[in-house]
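Chains, contacts and geometry: an overview
Okay, here's what each chain looks like letter by letter:
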Amino acid sequence: MFALILATVLFSVRGINANTGALERQWTCQTTDFCINLSKETVTAEAGLCVVIPCSFNTSSTFTAKHIVWYKCEPATTKCGVSDVIFNNTVPGIKVKSGFKGRVSLLEPDVTKKDCSIIINHLTESDSGYYQFRAEGTMTGGKKDGWMFTKKTAVSVKALTQKPSVMVPPLTEGQQSTLICTAPGLCSGSAPEITWRIGRGEKNSHITGNITAFTETVTAVTKRYNSTLSFTPSAEHHGTDVTCKVIFKNNITTEKTETLSVAYVKTLVITGKRAVQEGGDLNLTCSVDSFPPSVITWTKEGSNKILKRGTGTANLSITSMSAEHYGKYICTASHQISNLTAETEVILAFSPRIFNSSTCVLQSKKLTCVCISEGFPLPTIRWPLVKNHPKYCLTTSQSNNTVNVSITVTLEDQNYTTLECISSNDIENVKKNLTVNVHNVTKDVLKPEYPLETVLKTVKWLQVITGFLIGVILSATICCLVQKYCRKKDNRSGNVEQENLEMMTTQPISILNKMDVGPAMGNHETHSQDEANGGAQAAQAALQSASGADVEPRDVEYSDLDFSLMARRSPARAGRFQESTETEYAEIKRDKTEESQGNDSAEQDEMLEGIEVEEGMMGEEKDDCSPQKEEEEALYSNVKDLMG
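Now for a look at the structure at hand. In this text, all values refer to a predicted model and were calculated from it rather than measured experimentally.

This paragraph deals with the nonpolar core. Counting 50 residues, the largest nonpolar core has Trp-70, Ile-120, Tyr-131, Phe-133 and Trp-196 as the members making the most contacts within it. If we skip the residues at most four places from it in the chain, Tyr-131 touches Ile-53, Trp-70, Tyr-71, Lys-72, Ile-86, Phe-100, Ile-120, Lys-152, Thr-153 and Val-155.

Below you can see the structure in the form of structure tokens.
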């Protein structure tokens, strides 16, 4: 078992001289019974790692080894002392140097097997020197004793040069992968710190993933320290550096960098002019960004014949294009991830053609031109005029193979008669001079009035006309109503006055007698018939003037009335009729007189009171309209004089 462990350690740890190739077992005997077997050559090691010093010994049969002690001292000829102890497996009273505590251990703890091999972890360059072995035990009879072997082993510790190993599996875009980093050396000391860095610099790049550390136990005294990085690679990771850094105790570091190779494939790209004139040359290129490079082939639709093949890119060239060459061409890329296909159609190209509908209009110093051109590839339109006029308005529209460009420029100089339009594509440049049409009207002929604007303007004018008509109708209606109201007032007042007059003048003399006129009349002489006729004519003329119309002559009777004595019976009424004492005549209708004569005196009193009431009512109506008041005063002035 010990031989297997020792062979494994010596094979994995670079602590043995490479020139020897294997451990040379040479026994050195100080006496016949005490011998030691050490390496013949110097043992070399690197800082941060560990070193194994193989050792085995023999003693006499009278000595039993129980404890092992190792020393380190510089001179090769000097015997190491107590102060140089670096390892002591439970020997009482022997102290170990502080710099070696916990760093040295036996490969075989059982001393009876006479194996004195040790391993030293976390080496530094100061650990270089000579190491010496001593066996402690008892003699037959129980006497304690010890044996110092003079043979020493030289250990040389140099700077760390070993690198960690980084295992990178095949990477494919979109598929998760795991990288493994293993620290150098097989040692039993504390685990080193392992970090990952993607890209250049100290900070991690665009790779994000999970980092896991784990330890593998190789033997009882040897271990392997590992760290994994799991992530999903993409095309951007291809060619990116990944670095594994190992930091040992005492800040001794080492690292290793690997370049990632990610299998990926992107989109096919076809470049070149797909519009070619008849008789011209066709040049198309198909390429794809991929790793490893894809195999690309060109074919024509309807045919399986491969026209061109290439790796990563393929060029398709056809000279002297004819009708059979036009059509659809297919590019195919074969890759380990997937196969891609792209196609393009080769079309017959033709020169630009400027339409005759292109025109220019000059109106109020504003020049507006429209140029329409057709061609394939789609042409562009230029106006040389804009070189001299930096301020202009340009509008462009296109449909299929036709382009329409309009320009508007304000010109102070109106001497332009033509304007040049240039249409260009990959085949040819075409020029045309457009005639400038001068318009003196203010309306922009190139900007037609939209139907909606026309409707809005019509509605606006209709609103104005409707408002005007409504105003006229309202004004006329108000005037008619006012006029009708005034006429109604006049007619009502006139009818009441005429009716009152007729009632007063047509009552029979018996009514007057009821009013005590009789006694008054008895004191006066009766007038002659001629005077009565004259009074009747005057009353009829007054009645005609009040009614405002021709009145047919009627048979009338006349009466000489004297109301001077009415003051005696009614002082209130007498005061009303004292304005005039002149005698006037009133027309008395015959038919009314005859009807009135048949009534009794009570009815006469009621009729007289009705006359007075109507007089009061007429007085109230006069206050409403001033023209009626004047008319009534003119009509009844003679009657008032008579009554007075």
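This is not the end of the story, as more comes after the structure.
The subject of this paragraph is the pairing of strand E26 (residues 327–334). Note that strand E23 (residues 295–300) and E26 share six bridges and pair antiparallel. Paired with Ile-296 across the two strands is Ala-333, which belongs to E26. Bridge count for E26 against strand E27 (residues 339–348) is eight bridges, and the pairing is antiparallel. What sits directly across from Ala-333, in E27, is Leu-340.

As a further point, take the side chain of Ser-230. On the secondary structure map, Ser-230 appears in strand E17 (residues 223–231). Owing to a relative accessible area of 16%, Ser-230 belongs among the buried residues under this scheme.

A word on the sheet that holds strand E16 (residues 210–217). Sheet architecture is open: four strands sit in the order E12-E14-E17-E16, paired in antiparallel fashion. Only two strands of the sheet have a single neighbouring strand rather than two, namely strand E12 (165–167) and E16. Neighbouring strand axes in the sheet, compared pairwise and without regard to direction, differ in orientation by 20° on average. Inspection of the sheet shows E12 paired to strand E14 (residues 177–182) by three bridges, in the antiparallel sense. Residue pairing in the sheet places Met-167 in a bridge with Ile-180 of E14.

A full pass over the atoms with the stated rule returns eight disulfides. Linked covalently through their sulfurs, Cys-360 and Cys-369 form a disulfide whose S-S length is 2.1 Å. A torsion of 120° about the S-S bond marks the disulfide between Cys-360 and Cys-369 as right-handed. No difference in accessibility class separates Cys-360 from Cys-369, as the two residues are buried. There is no disulfide at Cys-479, and the cysteine sulfur nearest it, in Cys-480, is 6.9 Å away.

Thresholds applied
Residues numbered from 1 in each chain as written. Predicted model: local features only at pLDDT ≥ 70, side-chain atom pairs only at ≥ 80, totals over all residues. Heavy atoms only, no water. Core = buried A, V, L, I, M, F, W, Y, C linked by side-chain atoms within 4.5 Å. Buried < 20%, exposed > 50% of the residue type's maximum accessible area, 1.4 Å probe, protein only. Contact = heavy atoms within 4.5 Å. Pairing = 2+ DSSP bridges. Helix = DSSP H or I, 4+ residues; strand = E, 2+ residues; numbered from the N terminus. Axes fitted to C-alpha atoms, helices over the stretch in contact; angles between N-to-C directions. Disulfide = S-S within 2.5 Å.

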